[in-house]
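# Notes for the structure review
Listed here are the chains, written in short residue letters.
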Amino acid sequence: MKGGGGGRLAQQAAAPLRLESRRFRLLSIVVGCFVFCLVFLLSSRPDATAFDTVSVSPRASFAGARRPAAVKTLRTASSAGFGGDFHVDIRQQEQGETRGQLRQTVEQSAGDKTATEWVRDTVIVEERSEAAEPEDAERDRDANVAAASNSDDQAAPGAENKAVHDVASTTTAQPAAETTATTPRRPEEKARAAGGQIQSKLQEEQPARQQQEERHEPARSVGGDHQQQQPRPPLCDFSDFRSDICDLAGDVRLDANASALVVVDPSATGDANQSHKIRPYPRKGDETCMSRITELTVRSAAGTAAAPPRCTAEHAAPAVAFSIGGYTGNIFHDFSDVLVPLYNTAHRYGGDVHLVMANVASWWLVKYDRLLRSLSRHPPLDLAAAAAAGEVHCFRNATVSLRAHKELIIERDRSADGLATPDFTRFVRRALSLPRDAPTRLVVPGTGSSKRPRLLVISRHRTRLLLNLAAVVRAAEEAGFEAVVNESDVGNDISEVGKLINSCDAMVGVHGAGLTNMVFLPPGGVLVQIVPWGGLQWMARADYGDPAEAMGLRYVQYEVGVGESTLKDKFPPGHQIFTNPTGLHKKGFAFIRHTLMDGQDITVDVGRFREVLLQVRNSLAQ
């Protein structure tokens, strides 16, 4: 009994142990299965743990959302048939969703075992985080905003497709996995649904985007850019020291009653309107002269402005508007202020140009009629007469004022048409039918005989008189010249004066307007200028010396001594006018003109002057 009882007790004690052993084995099996399943899951998703963010604090989540998207470069298996690398952008918060969508997309697009195995056989060869520079990120963001706003504003054809293109080309800034259950699928996901077409799309767009970033240019959408209106060029040029010039093109309307030229531009805005006051005469620094010139208004009229004046006459030929007021009536200013710059301005039109004139004097038109007709085959348009008739003349092009260079000179490098002073003198000779283009040949070939060159002596009858004119004529004849005396007058017919002077080989005269007649001399002729006392060499050279040489003439300057001037009879010996005359120039041009120019007459030293005439005779013989 005792032994039997002990055996039962031992059996009762062993039963719980066997039960616990079975439980342990069952637990071990369950744990083993769990571990096996876990290992299997992990082996089938080797990269999952790298992007799991299950237990992340809100602060870490927020910091992770601000970090740039991670870029994973995946290489497909060779048997899959999807050659090349595949770039996938995955945010840390949405890794699981991205991986699932990637697998689901490929399975749906291919629908066969090969595509599924391609996902399973994909190997990660590179993983990096592109920390974009702040400026680049901001530029990309601004570019996307600009593209979206331009697309919404203009709704241009193709703008929507271009916007999709821009979004697809910025995958590093825009993560691929952004879709949720409540938002439509993004353009990138639609591209992935096409069975891997996004791969080539990204590869094609990335170089273009990189080039754009290197140029620091924002992305733009096609048809989304507003054309910036180019600034309108100024109507007038005020930079020249002699004249202000306005070159007008388009719908140009001359409102004679208002003395205004209006350029009508329907495409311009009101802010583009310009308005200028112009006195069309090339002496803009001379207030006395310019006060005599009619002022013209040059303005533009935009489409929103008040209605422009209606045309009463339309012209296909352009216009050149200028004044013949100021100092005209003096032959020097007739040529230097009007005729020379008018030729420089209007020659380009070959005669098909309208000459619009302010301050018209009928006698002036008659005197220079042949020159004006050679510049324009249209009758002159008198601004005052057109205003009285209420006329509005319309042109396609117009120039207001004249292009003037130096006195009686056209500078080739400043001329818009490459003209120079000899072109003008040639024009004058042809317009007036002047026959001679060269001086007289003094020696007749084959005979040994010689001809006497012809010398014109300019006689003045009011100021700067040549008191011993007769002695000068005799000295000229003794030097071998045929001397001719002429007094130029404002009323002389220009054609007759031109023929007389063109028949001569040389010209002599005291400084003054009469020397302007040198424009009729044949090239190669000689101009002798007698310069009064008083330090006037600079003026004589600028007014006639430089122009003579520019015309192709030979220039000789004879400077008067104190004993040859009547100033010696008006001022005591030792006066500053004899010792330092240039010091008196600071008193102004009025003093120079009144005292040194109009205040003296000349009695040349015939002996000294004869030597000059012999030099001129010899130069013509050469």
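Check the entry above for the structure.
Since the structure is predicted, the reported quantities are computational estimates derived from the model, not experimental observations. (Residues numbered from 1 in each chain as written. Predicted model: local features only at pLDDT ≥ 70, side-chain atom pairs only at ≥ 80, totals over all residues. Heavy atoms only, no water.)

## Focus: the overall build of the chain
The helix and strand tally for the chain stands at 20 helices and 18 strands. The buried share of the chain, reckoned over its 622 residues, is 43%. Partitioning the intrachain contacts of the chain with sequence separation of at least 6 by distance along the chain shows that 74% fall at a separation of at least 24. For the chain, the accessible area works out to roughly 32,500 Å², and carbon and sulfur atoms hold 53% of it. (Helix = DSSP H or I, 4+ residues; strand = E, 2+ residues; numbered from the N terminus. Buried < 20%, exposed > 50% of the residue type's maximum accessible area, 1.4 Å probe, protein only. Contact = heavy atoms within 4.5 Å. Areas by Shrake-Rupley, 256 points an atom, 1.4 Å probe, with all protein chains shown as cover.)

## Observations regarding the side chain of arginine 436
On the secondary structure map, arginine 436 appears in the loop between helix H14 (421-431) and strand S14 (454-458). Separated by 3.5 Å, the side chain of arginine 436 and the backbone oxygen of alanine 438 make a polar contact. Of note is the side chain of arginine 436, whose polar atom sits 3.3 Å from the backbone oxygen of serine 503. In contact with arginine 436, not counting residues within four places along its chain, are Arg429, Asn502, Ser503, Cys504, Asp505 and Pro522. (Polar contact = N/O pair within 3.5 Å; in protein donor to acceptor, adjacent residues only side chain to side chain.)

## Digging into the state of the cysteines
Using the criterion set out here, one finds two disulfides in the structure. Note on cysteine connectivity: cysteine 236 is disulfide-linked to cysteine 246, with sulfurs 2.0 Å apart. On the sign convention where negative is left-handed, the bridge of cysteine 236 and cysteine 246, at about 100° about the S-S bond, is right-handed. Note that cysteine 236 is positioned in strand S4 (residues 236-237) and cysteine 246 in strand S5 (residues 245-255), a separation of 10 residues in sequence. Take cysteine 236: its relative accessible area is 7%, and that puts it in the buried class. (Disulfide = S-S within 2.5 Å.)

## What about the nonpolar core?
By size, the foremost hydrophobic cluster in this structure holds 54 residues, and its most contacted members are Phe322, Phe335, Leu342, Leu371, Phe424, Met518 and Phe520. It is helix H10 (residues 331-346) that provides the largest number of residues to this core, a total of nine residues. If sequence neighbours within four positions are ignored, phenylalanine 520 has contacts with Phe335, Val428, Leu432, Leu434, Ile494, Val497, Gly498, Ile501 and Asn502. Of all hydrophobic cores here, the second largest spans 28 residues; its members include Val472, Ala475, Val510 and Val526. (Core = buried A, V, L, I, M, F, W, Y, C linked by side-chain atoms within 4.5 Å.)

## Examining H14
Of all 11 residues making up H14, eight are buried, and the element is well covered by its neighbours. Listed as buried for H14 are Thr421, Asp423, Phe424, Thr425, Phe427, Val428, Arg429 and Ala431. Two residues or fewer past H14, serine 433 is found with a positive phi of approximately 55°.

## Focus on the packing of aromatic side chains
Tallied over the full model, the rule gives nine aromatic pairs. Taken together, Phe335, Tyr343, Trp364, Tyr368, Phe424, Phe427 and Phe520 form an aromatic cluster joined through their ring pairs. One residue, lysine 587, lies across the ring of phenylalanine 591, its end atom 4.9 Å from the ring centre. (Phe/Tyr/Trp six-rings, centres within 6.5 Å; stacked < 30°, edge-to-face > 60°. Lys NZ or Arg CZ within 6 Å of the ring centre and 35° of its normal.)

## Brief notes about the pattern of salt bridges
Where charged atoms from two side chains of opposite charge come close, those side chains can pair. On inspection of all chains with the given rule, the structure shows 25 salt bridges. Two residues, aspartate 240 and arginine 414, come together in a salt bridge whose shortest N-O distance is 2.6 Å. Taken together, the positions of aspartate 240 in the loop between S4 and S5 and arginine 414 in the loop between strand S13 (392-400) and H14 put the pair 174 residues apart, joining distant regions of the chain. A residue is classified by how much of its surface remains accessible, and aspartate 240, at 18% relative accessible area, is buried. With its nearest N and O atoms 3.2 Å apart, the salt bridge here joins arginine 541 to glutamate 549. Given the relative accessible area of 43%, glutamate 549 is considered partly exposed. Among the ionic contacts, a cluster of salt bridges with common partners joins Asp240, Lys406, Glu411 and Arg414. (Salt bridge = Lys/Arg side-chain N within 4 Å of Asp/Glu carboxyl O.)

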